[in-house]
Amino acid sequence: MGVFQLSKKSVYIGALGIGGNFPVRVESMLRTPLADIKACMTELTGLEREGCELVRVAFPDPGSAKNLSRLISLSTVEIMADIHFDHRLAIGAIDAGCRSIRINPGNMGGRKKLKELSDLVVEREVLVRIGANAGSLSSSQVERAGRDIAKALSDTVSEQVFALQDNGVDRIIISAKSSSPQVTLKANTFLASKFQYPIHAGLTEAGPTERGIIKSSVALGTLLGAGIGDTIRVSLTGRATDEVKAGKRILQALGIRRFEPELISCPACGRRRVDVAFLVELIEPLLKELSPETTVAVMGCEVNGPREAAGADIGVAGTPAGIMLFSRGESRGVCRLEDLSETFLSLCREGGLLR
């Protein structure tokens, strides 16, 4: 794994450690309203299976408190309540058993209301994420920052940090998001230089799956590569489980964490002896049987395949006689396409590559 510098301060949500020497956490948010608790649990179960480590849920009204409490009691993943405009909702979420809340800076009311919330946060040892979004900045906040959105975001988060600190709150995660990678990078770079609190990183409204993943990969790759980011979310228009898959693969591509076997495959060219895309479709489902530390290669021909993928623990390549299997660049024999799955797993078993 690559060298990576996390924030200096660590915090906990229940038993989940964030920041410090803890791994960069992958999170998502439920699409389902709390009013439909059955559908919430179905979505939450899918996120748990995918390896999500923190799930945020919108808590828009006091009438949802009973369902929030039930969700928390049934979940093996920590739940963060997403709060807007009313400090009483934040208090209600904490009373429902939530150990972390996300507030948008400046919209919890005046000092008295923030103090009331802060006192409960300190008493119950609740974590507060200060989450500022470019779209929720007020005109006055933007004007005070000279119409520099990144500065407005970082200034707004900073003001909320200082207000919470004055009230004795020190279990804090900070977050500044925009749909613009450039604005997000600038705002978070400033915050990382100013505070030691863990940072939640990501774009907001990144877009549909392919577009959103590309934009998020650029932003998160740049931030994480600079040592900024302790939890991440890839915000996509689509399924929440796709956010978790994308987040895990971004972390793995950067060498920060390893979740699954690494799959490399050639783009194919006129020398190919096999339909590489078809071969990938055949091999990819077998990866779940392998150790996450395994590297698997799928190559189009026997000429370049084993040599270009000499670092792979196990690989396959097309040949005129069938499918070659190789390990660390050395041939391990040839088999028919219809026998590939069985032969592939057999060699993996011999090589100690299975889970």
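All residue numbers refer to position in the chain's written sequence, counted from 1. Totals for whole chains, interfaces and linings use every residue, but because this is a predicted model, local features are given only for residues with pLDDT of at least 70 and side-chain atom pairs only at 80 or more, for both listing and counting. To get the side-chain values, take all heavy atoms of the structure and skip hydrogens and water.

Chemist: How should I be thinking about the pairing of strand 8 (residues 172-177) in this particular structure?
Modeler: Regular strands show a simple pattern: their side chains alternate between the two faces of the sheet. For the exposure calls, accessible area comes from a 1.4 Å probe over protein chains only, and a residue counts as buried if that area is under 20% of its type's maximum, exposed if over 50%, partly exposed in between. Helix and strand labels come from DSSP, where a helix needs a run of H or I of at least four residues and a strand needs a run of E of at least two; each type is numbered from the N terminus. Taken across its six residues, strand 8 has six buried, putting it largely inside the fold. Alternating positions in strand 8 separate into two faces, Ile-172, Ile-174 and Ala-176 on one and Ile-173, Ser-175 and Lys-177 on the other, with burial throughout. Pairing analysis gives six bridges linking strand 7 (residues 127-133) to strand 8, with the strands arranged parallel. Bridged to Ala-132 within strand 8 is Ala-176. Two strands make a pair as long as DSSP finds a minimum of two bridges between them.

Chemist: Looking at this model, I keep getting lost on the nonpolar core. Mind explaining?
Modeler: Note that soluble globular proteins tend to have their nonpolar side chains buried in a common cluster. Leu-68, Leu-71, Ile-83, Ile-101 and Ile-174 are the most contacted members of the largest nonpolar core, which totals 72 residues. A per-element tally of this core places helix 6 (residues 149-166) first, with six residues. Setting aside residues up to four positions removed in sequence, Leu-68 forms contacts with Leu-34, Val-57, Phe-59, Ile-79, Ala-81, Ala-93 and Ala-96. Side-chain atoms within 4.5 Å are what join buried Ala, Val, Leu, Ile, Met, Phe, Trp, Tyr and Cys residues into a set we call a nonpolar core. Counting 29 residues, the second largest nonpolar core, distinct from the first, contains Val-280, Leu-290, Leu-347 and Leu-353. By definition in these notes, contact holds between two residues if any of their heavy atoms fall within 4.5 Å.

Chemist: What is the right way to read the packing of helix 8 (residues 209-225) against helix 9 (residues 240-253) from this model?
Modeler: Packed helices, taken two at a time, are described by the angle their axes make and the gap between the axes. Only the stretch in contact is used when a helix axis is fitted, and all axes are lines through C-alpha atoms; the angle between N-to-C directions ranges over 0 to 180 degrees. As a packed pair, helix 8 and helix 9 sit with axes 10 Å apart at the nearest point and diverge in direction by 35°. For the pair helix 8 and helix 9, the sense of crossing is right-handed. The residues of helix 9 that touch helix 8, namely those facing Thr-209, Ile-213, Ser-216, Ser-217, Leu-220 and Leu-224, are Asp-242, Ala-246, Ile-250 and Leu-251. Crossing handedness is defined as follows: a turn of the near helix away from the far one that is anticlockwise and smaller than a right angle gives a left-handed crossing, while the clockwise case is right-handed.

Chemist: Can you help me understand the sheet that holds strand 12 (residues 295-299) in this one?
Modeler: Remark on secondary structure: sheet strands pair via backbone hydrogen bonds, oriented parallel or antiparallel. Strand order in the open sheet formed by five strands is 11-12-13-14-15, with mixed pairing between adjacent strands. The open sheet has two edge strands, strand 11 (262-265) and strand 15 (330-335), and neither has a second partner. Between one strand axis and the next, the sheet turns by 20° as a mean value, whatever way the strands run. Sheet topology places strand 14 (residues 322-327) next to strand 15; four bridges connect them, and they run antiparallel. Pairing of Phe-326 across the sheet is with Ser-331, part of strand 15.

Chemist: Help me understand the pattern of salt bridges in this model?
Modeler: Two side chains of opposite charge can pair, provided their charged atoms sit close to one another. Any Lys or Arg side-chain nitrogen located within 4 Å of an Asp or Glu carboxyl oxygen qualifies as a salt bridge. Taken as a whole and assessed by the stated rule, the structure comprises 24 salt bridges. We note a salt bridge from Glu-338 to Arg-336, for which the minimum N-O separation is 3.2 Å.

Chemist: I tried to follow unusual backbone geometry on my own but got confused; where do I start?
Modeler: With the exception of glycine, the majority of residues adopt a negative phi angle, and the majority of peptide bonds are in the trans configuration. The residue Glu-125 is not glycine, and still its phi comes out positive at about 55°. Since its relative accessible area comes to 52%, Glu-125 is described here as exposed. Despite not being glycine, Arg-147 has its phi angle at roughly 65°, a positive value. If you trace the backbone, Arg-147 turns up in the loop between helix 5 (139-144) and helix 6.

Chemist: Please clarify how the packing of aromatic side chains should be interpreted in this entry.
Modeler: Given two aromatic rings, their pairing is described by the distance between the two centres and the angle made by the two planes. Working definition: a ring pair exists when centres of Phe, Tyr or Trp rings (six-membered ring for Trp) sit within 6.5 Å. Plane angles under 30 degrees give stacked, over 60 give edge-to-face, the rest tilted. Applying the stated criterion across every chain, the model contains three aromatic pairs. Taken together, a centroid distance of 5.4 Å and an interplanar angle of 80° make the contact between Tyr-12 and Phe-22 edge-to-face. Pair noted here: Tyr-12 is in strand 1 (residues 10-13) and Phe-22 is in the loop between strand 2 (16-19) and strand 3 (25-29), with a separation of ten residues, a long-range link. Of the residues examined, Tyr-12 reaches a relative accessible area of 45% and is grouped as partly exposed.

Chemist: What is the right way to look at the sheet that holds strand 9 (residues 200-201) in this model?
Modeler: The strand order across the open sheet built from eight strands is 8-7-6-5-4-3-10-9, with neighbouring strands paired in parallel fashion. A strand with exactly one partner marks an edge of an open sheet, and here the two such strands are strand 8 and strand 9. This element, helix 3 (residues 87-95), spans strand 5 (78-83) and strand 6 (100-103) of the sheet and lies at about 165° to strand 5.

Chemist: I keep staring at helix 1 (residues 37-50) and nothing clicks. Help me out?
Modeler: Residue pairs spaced three or four apart in an α-helix point in one direction, given the helix's 3.6 residues per turn. Multiplying one less than the number of residues by 1.5 Å gives the expected span of a helix. Here helix 1 is 14 residues long and its end C-alpha atoms lie 20 Å apart, about the 20 Å a rise of 1.5 Å per residue gives. Listed as buried for helix 1 are Ile-37, Cys-40, Met-41, Glu-43, Leu-44 and Leu-47. Axial view of helix 1: buried residues confined to an arc of 165°, hence all on one face. Opposite the packed face of helix 1, turned more than 90 degrees from it, sit the exposed residues Lys-38, Thr-42 and Arg-49. Contact partners of the buried residues in helix 1: strand 3, strand 4 (54-58), helix 2 (65-74), strand 5 and helix 9. Directly after helix 1, the chain includes Gly-51, whose backbone phi takes a positive value near 100°. Note that the arc is defined by the directions from the helix axis to the C-beta atoms.

Chemist: How should I be thinking about the layout of surface pockets in this particular structure?
Modeler: Over the atoms rolls a probe the size of a water molecule, and in doing so it shows where empty space is left. Considered as a void within the structure, the largest pocket measures approximately 540 Å³ in volume. A cavity, in this analysis, means grid points on a 1 Å lattice covering only the protein atoms where a 1.4 Å probe fits yet has no way out; a pocket is instead an open set bounded by protein on both sides within 12 Å along at least five of seven lines, and a residue lines either one if it has an atom within 4 Å of a point. Every residue lining the largest pocket is counted, 16 residues in all, and those nearest its centre are Arg-249, Glu-260, Pro-261, Glu-284 and Leu-287. At the level of secondary structure, the elements contributing two or more residues to the lining of the largest pocket comprise helix 9 and strand 11. Amino acids are sorted into nonpolar (Ala, Val, Leu, Ile, Met, Phe, Trp, Tyr, Cys and Pro), charged (Asp, Glu, Lys and Arg) and polar (every other residue, Gly among them). Partitioning the lining of the largest pocket into residue classes produces six nonpolar, one polar and nine charged. Grid points are joined across faces, edges and corners, and a volume is the space filled by probe spheres set on the points.

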